[in-house]
Amino acid sequence: MKNVEIIGTGSCVPERIVTNDELSTIVETSDEWISTRTGISERRISLGENTSDLAAKAALEALKDSKLEAKDIELIIVATTSPDSYVPSTACIVQGLIGASNAACFDISAACTGFIFALNTAAQYIKTGVYKTALVIGAEVLSKIMDWKDRNTCVLFGDGAGAAVLRAGEEGIMNTYMASDGINGREFLRCFAAQNKNPFMLESLDVKDKITMNGKEVFRFAVKVMVDSIEKVLEAAQSNIEDIDYIIPHQANIRIIEFVAKKLKIDMSKFFINLNKYGNTSGATIPIALDEMNKQGLLKRGNKVIFIGFGGGLTWGSVLVKWTI
Ligand code: UT7
């Protein structure tokens, strides 16, 4: 069986920066509350670019980094909670925007764990020899599904996209772990799809097509499953935490990461953190962070890196990667 290497990364965030102080003019909040409770200072908000626009820009950057061309890509998976449309998939729109004429394309919905699920899915196709190359993208314009009157949520999220090009190789993805709990947790973080009244209904529907969240429950869940995800992926690879050079966690709240670092006695310097600049961009946080690390030259050939995601569904999971470029 083949292995799967990450051979290029890219990212794109909207230009418009919205600071905590600016948000405090929209809802009753303050820079002090947001910074101390979450670690977020500012986020990027789209002024009209859709999810596919950000995704396509991140994808082109990742392709350039990988030295492949769009037509070399055989599979495109976009992980998103904020697709452009029900039909077509955002992945098909990206295919059109970048001209990846030889790719099969589909979206994955796993909220903030989306990139982990998409990476793992693409890796399985490559490991089994079905495809040799894939483009995996996490992309969100969450600002279009945000309730801008709800201070419990609107201060936390941001827009952005990150992408990675995968290719069959000798080394690379060492292990993956995915889990879900729609039995106990599907109501903690949700956003219903818009639903029109049909001509046979007597009454209109009251559908909450904006993000709602039980922050405390998600916090409790997050710290538990981040620990679980690190332990599971290490166990399966017969590795221990001392072998790991970096951890790229889903960027939701610095307090969640600090809690996990303390619990597992991991130095905070092992965690790459950029949530102060972008807030929580859901499925895009991990590939944006990965691209920043790659561009900053932090990742050295042979480094072992764990990606960890958690989010709505509930969903969670991790990937252990040996860096090969
Ligand atoms: O990708 C996964 C996405 N979600 C998450 O990761 C969320 C996980 N949860 C969290 O990060 C935290 O629970 C939050 C940051 C959402 C909230 O922090 P908290 O320390 O759990 O605060 P809280 O919900 O207990 O709220 C404390 C107080 C409340 O006021 P009272 O009832 O004590 O008077 C809230 O109404 O803070 C109030 N509050 C705010 N105040 C100013 C809630 N949001 C805000 C706000 N600005 N934006």
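Residues numbered from 1 in each chain as written. Predicted model: local features only at pLDDT ≥ 70, side-chain atom pairs only at ≥ 80, totals over all residues. Heavy atoms only, no water.

Here we come to the sheet that holds strand β6 (residues 133-140). Ordered by their spatial adjacency, 5 strands build an open sheet running β1-β7-β6-β4-β5, and the pairing between neighbours is mixed. Strands with a single pairing partner mark the edges of an open sheet, and in this sheet they are β1 (3-12) and β5 (104-108). With direction set aside, neighbouring strand axes in the sheet form an average angle of 20 degrees. Those strands touched by helix α3 (residues 51-66) are β1, β6 and β7 (160-169), and its axis lies near 125 degrees from that of β1. (Pairing = 2+ DSSP bridges. Helix = DSSP H or I, 4+ residues; strand = E, 2+ residues; numbered from the N terminus. Axes fitted to C-alpha atoms, helices over the stretch in contact; angles between N-to-C directions. Contact = heavy atoms within 4.5 Å.)

So, on to helix α10 (residues 285-295). For α10, a buried count of 10 out of 11 residues is recorded, marking the element as mostly surrounded by other parts of the structure. All of the buried residues in α10 are Thr285, Ile286, Pro287, Ile288, Ala289, Leu290, Asp291, Glu292, Met293 and Asn294. Immediately beyond the C-terminal end of α10, within one or two residues, lies Gly297, with a positive phi of roughly 75 degrees. (Buried < 20%, exposed > 50% of the residue type's maximum accessible area, 1.4 Å probe, protein only.)

Evaluated as defined, the whole model comprises 11 salt bridges. Taking the shortest distance from any N to any O, the salt bridge between Glu49 and Lys57 comes out at 2.6 Å. Overall, Glu49 belongs to the partly exposed group, its relative accessible area being 25%. Here Lys57 falls in the partly exposed class, since its relative accessible area comes to 44%. A salt bridge links Lys210 to Asp209, with the shortest nitrogen-to-oxygen separation between them at 3.7 Å. One network of salt bridges, in which partners are shared, links Glu61, Asp291 and Lys295. (Salt bridge = Lys/Arg side-chain N within 4 Å of Asp/Glu carboxyl O.)

So, on to the site of the ligand. In the region of the ligand, 22 residues are neighbours, and Thr29, Cys112, Lys216, His250 and Asn253 sit closest. In this structure, His250 approaches the ligand through a side-chain N or O atom, which is 2.8 Å from an oxygen atom. At a separation of 2.8 Å, an oxygen atom of the ligand approaches a polar side-chain atom of Asn253. Out of a free accessible area of 960 Å², the ligand has 75% covered by protein chains. The set of elements that each furnish at least two residues to the shell around the ligand consists of α2 (31-38), α6 (151-154), α7 (215-236) and α8 (254-263). Here the shell around the ligand gets 4 residues from one element, more than from any other, and that element is α7. Tallied by class, residues from the shell around the ligand come to 10 nonpolar, 7 polar and 5 charged. Viewed by domain, the shell around the ligand spans two of them, domain 1 (3-174) and domain 2 (175-322), each represented by three or more residues. (Near = heavy atom within 4 Å. Polar contact = N/O pair within 3.5 Å; in protein donor to acceptor, adjacent residues only side chain to side chain. Areas by Shrake-Rupley, 256 points an atom, 1.4 Å probe, with all protein chains shown as cover. Nonpolar A, V, L, I, M, F, W, Y, C, P; charged D, E, K, R; others polar. Domains from an automatic or database assignment.)

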